[in-house]
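# An overview of the molecular structure
What follows is each chain in one-letter form.
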Amino acid sequence: MLDELLHRVSNHTPRTLETDARFPEAAVLVPITRSDEPELVLTLRASGLSTHGGEVAFPGGRRDPEDPDLIFTALREAEEEIGLPPGLVEVIGPISPLISLHGIKVTPYVGVIPDFVEYQANDAEIAAVFSVPLEFFRKDPREHTHRIDYQGRSWYVPSYRYGEYKIWGLTAIMIVELINLLYDAKISLHQPPKSFINT
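Reading the values: the criteria
- Residues numbered from 1 in each chain as written.
- Predicted model: local features only at pLDDT ≥ 70, side-chain atom pairs only at ≥ 80, totals over all residues.
- Heavy atoms only, no water.
- Helix = DSSP H or I, 4+ residues; strand = E, 2+ residues; numbered from the N terminus.
- Buried < 20%, exposed > 50% of the residue type's maximum accessible area, 1.4 Å probe, protein only.
- Expected span 1.5 Å × (residues − 1).
- Pairing = 2+ DSSP bridges.
- Axes fitted to C-alpha atoms, helices over the stretch in contact; angles between N-to-C directions.
- Salt bridge = Lys/Arg side-chain N within 4 Å of Asp/Glu carboxyl O.

Further remarks concern unusual backbone geometry. For D140, which is not glycine, the phi torsion reads 50° and is therefore positive. With respect to the secondary-structure elements, D140 resides in the loop between α3 (134-138) and β9 (144-150). Positive phi is not limited to glycine here, since D184 has a value of about 55°. By the secondary structure assignment, D184 is in the segment after α4 (169-183). Exposure remark for D184: the relative accessible area of 49% places this residue in the partly exposed category.

Along an α-helix, residues three or four apart share an orientation, since each turn contains 3.6 residues. For α4, built from 15 residues, the straight-helix expectation of 21 Å at 1.5 Å per residue is met to within 8% by its first-to-last C-alpha distance of 21 Å. For α4, a buried count of 14 out of 15 residues is recorded, marking the element as mostly surrounded by other parts of the structure. Positioned one or two residues after α4, D184 has a phi angle of 55°, which is positive.

Taken in spatial order, the 3 strands make up an open sheet running β9-β10-β11, and their pairing is antiparallel. Two strands bound the open sheet, and with one partner strand each, they are β9 and β11 (165-167). In this sheet, adjacent strand axes meet at a mean angle of 25° when their direction is disregarded. With 7 bridges joining them, β9 and strand β10 (residues 153-162) adopt antiparallel strand pairing. Paired with H146 across the two strands is V157, which belongs to β10.

Moving on: the pairing of strand β2 (residues 39-45). For β2, the buried fraction is high: 5 of the 7 residues fall into the buried class. In terms of strand pairing, β2 meets strand β8 (residues 126-133) through 7 bridges, oriented antiparallel. Bridging from a neighbouring strand, L44 pairs with A128 of β8. By the bridge criterion, 2 bridges tie β2 to strand β3 (residues 56-57) in an arrangement that is antiparallel. Its bridge partner lying in β3, T43 is registered against A57.

Under the defined criterion, the tally for this structure stands at 12 salt bridges. As a salt-bridge pair, E135 and R138 come within 3.5 Å of each other at their nearest N and O atoms. In this pair, E135 and R138 are both assigned in helix α3, 3 residues apart and thus about one turn of the helix distant. Judged by its relative accessible area of 36%, E135 falls in the partly exposed class.

This is how it looks when you write it as structure tokens:
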């Protein structure tokens, strides 16, 4: 089942994002556990960080000048942030890049990891590491919808609540693309959901 889903990712052509070459680049790892009920591994960023402090994110960060490519960046950052050894990650392929609020071009890479990893959160950067079943997002159980006007169009971005965690923004956009790709879920980011009330 998981391999069939991952086949969709490896055959996927991400949206291209024409950006000014001056944009700094970053990469995140979108880790999926290899298990009967696959889960996404996410982090809660430490509240004191200068960017995205206290927010839920995938492990990742800015590309260093010496990083040979963005896959290397994603794996290096995942090891630094949550102690995930790069050798345990089977990188499947990228999904569409996005520009963060801070003007950074972020490329997500989907990777499969074993479900027995013991994470070591880097306390300076990461307040918690947690996982959410893919099936949870498939049902699109959004708590709110945020409208963001970006690149000349409106985006209706879900905000999910999982336990004590709020999952929204760029991370939610990446998850929607992944869930649509894996399950053909047809969650629209450009049409307001029936529950959306324009306040």
